[in-house]
Amino acid sequence: AIDPNFDENREVVDTHEGHDVWGPVDEPEQLGIHGTHVAVDFDICIEDGACVEDCPVDVFEWVDTPGHPESERKADPANEIQCIDCMLCVDVCPVDAIDVDST
Ligand code: SF4
Ligand code: F3S
Ligand code: ZN
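Chains are numbered independently. Their residues run from 1 in the order of the written sequence. Whichever chain is written first becomes A and whichever ligand is written first becomes 1, with later ones labelled in order. Side-chain atom pairs in this predicted model are given and counted only at pLDDT of 80 or more, local residue features only at pLDDT of at least 70, and totals for whole chains, interfaces and linings cover all residues. Side-chain figures throughout are based on the complete set of non-hydrogen atoms in the structure, without hydrogens or water.

Caption draft 1: Structural detail: the environment of Ile44. As for its placement among the helices and strands, Ile44 is situated in the loop between strand S4 (38-41) and helix H2 (50-54). Residues Ile44 and Asp14 lie 30 residues apart in sequence; the distance between their C-alpha atoms is 19 Å. Beyond its immediate stretch of four places on either side in the chain, Ile44 contacts Ala1, Ile2, Val95 and Ala97. Starting at the N terminus, helices and strands are each numbered in turn, a helix being any DSSP run of H or I of at least four residues and a strand any DSSP run of E of at least two. Whether two residues are in contact is decided by their heavy atoms: any pair within 4.5 Å suffices.

See the structure below:
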């Protein structure tokens, strides 16, 4: 599961589509965590797609990640600023790859 304290235990190493990327990153095998308010651990995501389908405000967009051992597509929190903290994505992800900081 994603580390809920990633913002203390990791460092921002890059930005992508306007959000932070928390390392370590070693492409293509290790991709880190994308986003801060809506954070997706790309190294855990298995391309299930429930988050993409269920988010009521379309926070997520697919990004291709060829060569990653878990899946070749990830749910990127491209519109994390739109998040309404409903927590649906957190509940539906089968591998607990998503953390939403609703506090
Ligand atoms: Fe979308 Fe709700 Fe997840 Fe926010 S908490 S990204 S609104 S599903
Ligand atoms: Fe990935 Fe979980 Fe969404 S596996 S595609 S973050 S439901
Ligand atoms: Zn991203």
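Caption draft 2: Quick peek at a negative patch on the surface. Surface patches are defined over residues having more than 30% relative accessible area and no salt bridge, joining like charges when they lie within 9 Å and nonpolar side chains (Val, Leu, Ile, Met, Phe, Trp, Tyr) when within 5 Å. Only the protein chains shown count as cover for residues, and all accessible areas are computed by the Shrake-Rupley method using a 1.4 Å probe. The working definition used for a salt bridge is a side-chain nitrogen of Lys or Arg within 4 Å of a carboxyl oxygen of Asp or Glu. The charged-residue count follows a simple rule in which Lys and Arg add positive charge and Asp and Glu add negative charge, with His and chain termini not counted at all. Where a charge lies is defined by one atom per residue type: Lys uses NZ, Arg uses CZ, Asp uses CG and Glu uses CD. On the surface, a cluster of negative charge is contributed by Asp7, Glu8, Asp85 and Asp101. Mapped onto the fold, Asp7 is located in helix H1 (residues 6-9). We call a residue buried when its accessible area falls under 20% of the maximum for its residue type, exposed when it is over 50%, and partly exposed in between, using a 1.4 Å probe and counting protein chains only. Residue classification places Asp7 among the partly exposed positions, given a relative accessible area of 41%.

Caption draft 3: Focus on the pattern of salt bridges. Per the stated rule, a full pass over the model turns up 2 salt bridges. Where Arg10 meets Asp41, a salt bridge forms, and the shortest distance between an N and an O atom there is 3.7 Å. Remark: Asp41 occurs in strand S4 and Arg10 occurs in the loop between H1 and strand S1 (12-16); sequence separation between them is 31 residues. Linking Glu47 and Arg73 is a salt bridge whose minimum nitrogen-to-oxygen distance equals 3.0 Å. Note that Glu47 is positioned in the loop between S4 and H2 and Arg73 in strand S6 (residues 73-76), a separation of 26 residues in sequence.

Caption draft 4: Spatial organisation of the site of ligand 2. Lining the immediate surroundings of ligand 2 are 13 residues, of which Cys45, Ile46, Gly49, Cys51 and Cys93 lie closest. Definitions used throughout: a 1 Å grid over protein atoms alone; a cavity as a set of points that fits a 1.4 Å probe which cannot get out; a pocket as an open set with protein on both sides within 12 Å along at least five of seven lines; a lining residue as one with an atom within 4 Å of a point. Assignment to a cavity or pocket requires that more than half of a molecule's atoms be within 2 Å of the site's grid points. Placement of ligand 2 is best described as lying within the largest cavity. Each residue gets one label: Ala, Val, Leu, Ile, Met, Phe, Trp, Tyr, Cys and Pro are nonpolar, Asp, Glu, Lys and Arg are charged, and the others, such as Gly, are polar. Split by residue class, the shell around ligand 2 holds 10 nonpolar, 1 polar and 2 charged. Throughout this document, a residue counts as near a molecule or strand when at least one of its heavy atoms sits within 4 Å of that molecule or strand.

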